[in-house]
Amino acid sequence: MVDEQDHLLPIANVGRIMKQILPPRAKISKEAKETMQECASEFISFVTGEASDKCQKENRKTVNGDDICWALSALGFDDYAEAILRYLHKYREFERERANQNKVGGSQDKDEASNCKCIQAGKQSVIPPPLECRVIEKGNSSLTRPS
């Protein structure tokens, strides 16, 4: 039997994300973190399952970012789908530029390159630009979309 914890996001990561939106001195109970951990994990599974079903119908084995955006929209999360799609386009543009810089001979400034790299298990990888999130006040029905 698979341990339930193996299907959940790490609680430390969930707590860190929650803390980012709260005032500096705010506290988060263990119960709140666990509840959010279960909800976020379930949401990811729900969306990924829908995207996976689409891929299976199309005889594909790999779920990609476009499939996730499609699934979000198909499940009624259009606002999230639009935001993720904008991020996906920015990410792909970032990757294209990085690939072009590598082809030119890596003329990128060493300081700038070191700011964009991290080390994971002995491998270097580039950190994509951060996803920009905006907090919408409860009851605010006039949403403005960034250009």
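Calculation notes
Residues numbered from 1 in each chain as written. Predicted model: local features only at pLDDT ≥ 70, side-chain atom pairs only at ≥ 80, totals over all residues. Heavy atoms only, no water. Buried < 20%, exposed > 50% of the residue type's maximum accessible area, 1.4 Å probe, protein only. Core = buried A, V, L, I, M, F, W, Y, C linked by side-chain atoms within 4.5 Å. Contact = heavy atoms within 4.5 Å. Helix = DSSP H or I, 4+ residues; strand = E, 2+ residues; numbered from the N terminus. Expected span 1.5 Å × (residues − 1).

(A) A look at unusual backbone geometry. Non-glycine residue N59 carries a positive phi angle of around 55°. With a relative accessible area of 70%, N59 lands in the exposed category.

(B) Spatial organisation of the nonpolar core. Judged by nonpolar contacts, V47, A51, A71, L72 and A81 together constitute the single largest core of 5 residues. Setting aside its immediate chain neighbours within four residues, A51 contacts V63, D67, I68 and A71.

(C) Structural view of helix α2 (residues 30-57). Between its first and last C-alpha, α2 extends 41 Å over 28 residues, near the 40 Å set by a 1.5 Å rise per residue. For α2, the set of buried residues is Q37, S41, V47, A51, K54 and C55. Where α2 is buried, its residues meet α1 (11-21) and α3 (65-74).

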